[in-house]
Amino acid sequence: MLGAGSLGSLWAVRLARVGLPVRLILRDPQRLSAYHCAGGLRLVEDGMEQLYPIPAEIPDAAPPIRRLLLACKAYDAVPAVEHLASRLAAGAELVLLQNGLGSQDAVAARLPGCRCVLASTTEGAFRDGDFRVVFAGRGHTWLGDAGQPPAWLDELAAAGIPHAWSETIHGRLWRKLALNCAINPLTVLYDCRNGGLQAYAGEVAELCAELAELLRHCDQRDAAEGLQEEVERVIQATAANYSSMHQDVARGRRSEIAYLLGHACREAERHKLHLSRLKALQQRLQRHLAERGLPLD
Ligand code: NAD
Ligand code: KPL
């Protein structure tokens, strides 16, 4: 398991507590010694905290890796696997838990001998201390690639990780990307909770129309279907929440913009589509990030 952050910890704990042999890969010796001082991962679930002393190592450790769950942010995915490439056994299988699109292809291109299974999740978790994670929202994870479902899905079932194999994982990732593009940047620009976008319904609708056009040009007709209605439902259902991008920017953290809006704009350009509202949104967001000294990609 690379990335002992929110989602990585959530997966590691559930796999480890049913006796599966999980190992955490931490960034460097300093993180490893901090982890040893903490005594393990702490997961807060239904208000109860429990400590899980899962074994951990650094990327340079010796044992070969046959299965890797990559649970870092999209912008960390390529540097993380490059560091581990020499440890990956021939035919190793990776599960890529990154949100957005772009990082998965970049990882697969660097690991031609490996199988890369893509994942998209509606589960929610956040860190509220070093090696301490709160399981904030039950959800579901879809996994898929061009091949047959792997036998190890049974292990996810045994660990109580709600999941399904998806023959259309790209469609799921595109749909989630479109939802994120229609909601997250505007919540940053208007500094509001998701529900605050009800006051900008016209702007949201215009973005949805352009995003749906993009999806259709990217061979994702199903993902384009009913996009605006779903965006409106999500805004209503999550009205009290701050979007993940809003939280990142508010905390002065790098956002995954390059793999969300950035990917959408790059694909629009590739298809020679003129999507003026999407482009203008990207420029406004980049100006906003630049003013705060945050990375633009
Ligand atoms: P996170 O920041 O909580 O955790 C990422 C972890 O990866 C960090 O601990 C970081 O130190 C570690 N990491 C990065 N590079 C590393 C390296 N080279 N070696 C070792 N460790 C490394 O992130 P997260 O919230 O778990 O998000 C992971 C992905 O899942 C993101 O793409 C996010 O958008 C997506 N996602 C998260 C949630 C959620 O609720 N947290 C929900 C849906 C999707
Ligand atoms: O996924 C989200 C996020 O905040 O990243 C939602 C809640 C769907 C808003 O786009």
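Cut-offs applied
- Residues numbered from 1 in each chain as written.
- Chains lettered and ligands numbered in written order.
- Predicted model: local features only at pLDDT ≥ 70, side-chain atom pairs only at ≥ 80, totals over all residues.
- Heavy atoms only, no water.
- Domains from an automatic or database assignment.
- Buried area = accessible area lost by both parts, 1.4 Å probe.
- Salt bridge = Lys/Arg side-chain N within 4 Å of Asp/Glu carboxyl O.
- Polar contact = N/O pair within 3.5 Å; in protein donor to acceptor, adjacent residues only side chain to side chain.
- Helix = DSSP H or I, 4+ residues; strand = E, 2+ residues; numbered from the N terminus.
- Nonpolar A, V, L, I, M, F, W, Y, C, P; charged D, E, K, R; others polar.
- Pairing = 2+ DSSP bridges.
- pLDDT = per-residue confidence, 0-100.
- 1 Å grid on protein atoms, 1.4 Å probe; cavity = no way out; pocket = protein on both sides within 12 Å on 5 of 7 lines; lining within 4 Å.
- Points joined across faces, edges and corners; volume = space filled by probe spheres on them.
- Near = heavy atom within 4 Å.
- Areas by Shrake-Rupley, 256 points an atom, 1.4 Å probe, with all protein chains shown as cover.
- UniProt positions renumbered as here; feature names shortened; annotations may be inferred.
- Patch = residues over 30% accessible without salt bridge, like charges linked within 9 Å, V, L, I, M, F, W, Y side chains within 5 Å.
- Lys, Arg positive; Asp, Glu negative; His and termini not counted.
- Charge placed at Lys NZ, Arg CZ, Asp CG, Glu CD.
- Core = buried A, V, L, I, M, F, W, Y, C linked by side-chain atoms within 4.5 Å.
- Buried < 20%, exposed > 50% of the residue type's maximum accessible area, 1.4 Å probe, protein only.
- Contact = heavy atoms within 4.5 Å.

### Notes on the domain arrangement of the protein
Then, number 1: As assigned here, the protein comprises domain 1 (6–167) and domain 2 (170–291).
Then, number 2: The centre of domain 1, based on its C-alpha atoms, is set 26 Å off from the matching centre of domain 2.
Then, number 3: Buried area between domain 1 and domain 2, both sides added, is near 1,500 Å², and the carbon and sulfur share of it is 58%.
Then, number 4: In this assembly, domain 1 and domain 2 are joined by zero salt bridges.
Then, number 5: Run the count over domain 1 and domain 2 and you get five residue pairs in polar contact (both at pLDDT 80 or more).
Then, number 6: Residue assignment for the side of domain 1 that touches domain 2 shows that the elements contributing at least two residues are α3 (74–84), α4 (103–110) and β7 (115–121).
Then, number 7: In terms of residue count, the dominant contributor to the side of domain 1 that touches domain 2 is β7 (four residues).
Then, number 8: Each residue belonging to the side of domain 1 that touches domain 2 can be placed in one class, and the counts come to six nonpolar, nine polar and one charged.

### Let's talk about the pairing of strand β8 (residues 124–129)
Then, number 1: Bridge count for β8 against strand β9 (residues 132–137) is five bridges, and the pairing is antiparallel. Within the sheet, the bridge partner assigned to Phe 126 lies in β9 and is Val 134.
Then, number 2: Counting the residues in the hairpin turn of β8 and β9 gives two residues, including Phe 131, whose phi is positive at 60°.

### Some thoughts on the confidence of the model for the protein
Then, number 1: Confidence in the prediction for the protein averages 97 pLDDT; 100% of positions are at 70 or higher.
Then, number 2: Across the whole predicted complex the pTM is 0.96, and at the interface the ipTM reaches 0.98.

### Regarding the layout of surface pockets
Then, number 1: When its volume is computed, the second largest pocket comes out at roughly 700 Å³.
Then, number 2: Considering the residues around the second largest pocket, the lining is formed by 22 residues, among which Pro 21, Val 22, Arg 23, Arg 67 and Leu 68 are closest to the centre.
Then, number 3: Counting only elements with at least two residues in the lining of the second largest pocket, the list comes to α1 (6–16), β5 (65–70), β6 (88–96) and α5 (153–158).
Then, number 4: By residue number, the principal contributor to the lining of the second largest pocket is β5, which donates five residues.
Then, number 5: Considering only residue class, the lining of the second largest pocket consists of 15 nonpolar, no polar and seven charged.

### Focus: the site of ligand 1
Then, number 1: Taken together, 24 residues form the shell around ligand 1, and within it Ser 6, Leu 7, Asn 99, Ala 125 and Glu 256 come nearest.
Then, number 2: Note that an oxygen atom of ligand 1 is positioned 2.9 Å from one of the backbone N or O atoms of Leu 7.
Then, number 3: Protein chains shield 84% of the accessible area of ligand 1, which is 830 Å² for the free molecule.
Then, number 4: At the level of elements, α1, α3 and β8 are the ones that each hand at least two residues to the shell around ligand 1.
Then, number 5: Residues of the shell around ligand 1, tallied by class, amount to 11 nonpolar, seven polar and six charged.

### Here we look at the UniProt feature "domain: Ketopantoate reductase C-terminal" (unreviewed entry) in the protein
Then, number 1: In the numbering used here, UniProt assigns the "domain: Ketopantoate reductase C-terminal" (unreviewed entry) feature to residues 169–286.
Then, number 2: Between the C-alpha atoms that bound residues 169–286 there is a distance of 29 Å. The span itself is 69% helix and 0% strand.

### Details of a negative patch on the surface
Then, number 1: Residues Asp 222, Glu 225, Glu 229 and Glu 232 make up a contiguous surface patch of negative charge.
Then, number 2: Assignment of secondary structure puts Glu 232 in helix α9 (residues 227–237).

### Regarding the nonpolar core
Then, number 1: Counting residues in hydrophobic clusters, the biggest one holds 64 residues, and the most contacted among them are Leu 68, Leu 70, Val 107, Leu 214, Val 231 and Leu 278.
Then, number 2: The dominant element in this core, judged by the number of residues it contributes, is helix α6 (residues 169–189), at 12 residues.
Then, number 3: When we break this core down by domain, the ones giving at least three residues each are domain 1 (6–167) and domain 2 (170–291).
Then, number 4: Setting aside residues up to four positions removed in sequence, Leu 214 forms contacts with Trp 174, Ala 264, Glu 267, Ala 268, Leu 273, Leu 275 and Leu 278.
Then, number 5: Core analysis: the next-biggest nonpolar cluster, separate from the first, contains 34 residues, Leu 7, Leu 10, Phe 131 and Phe 135 among them.

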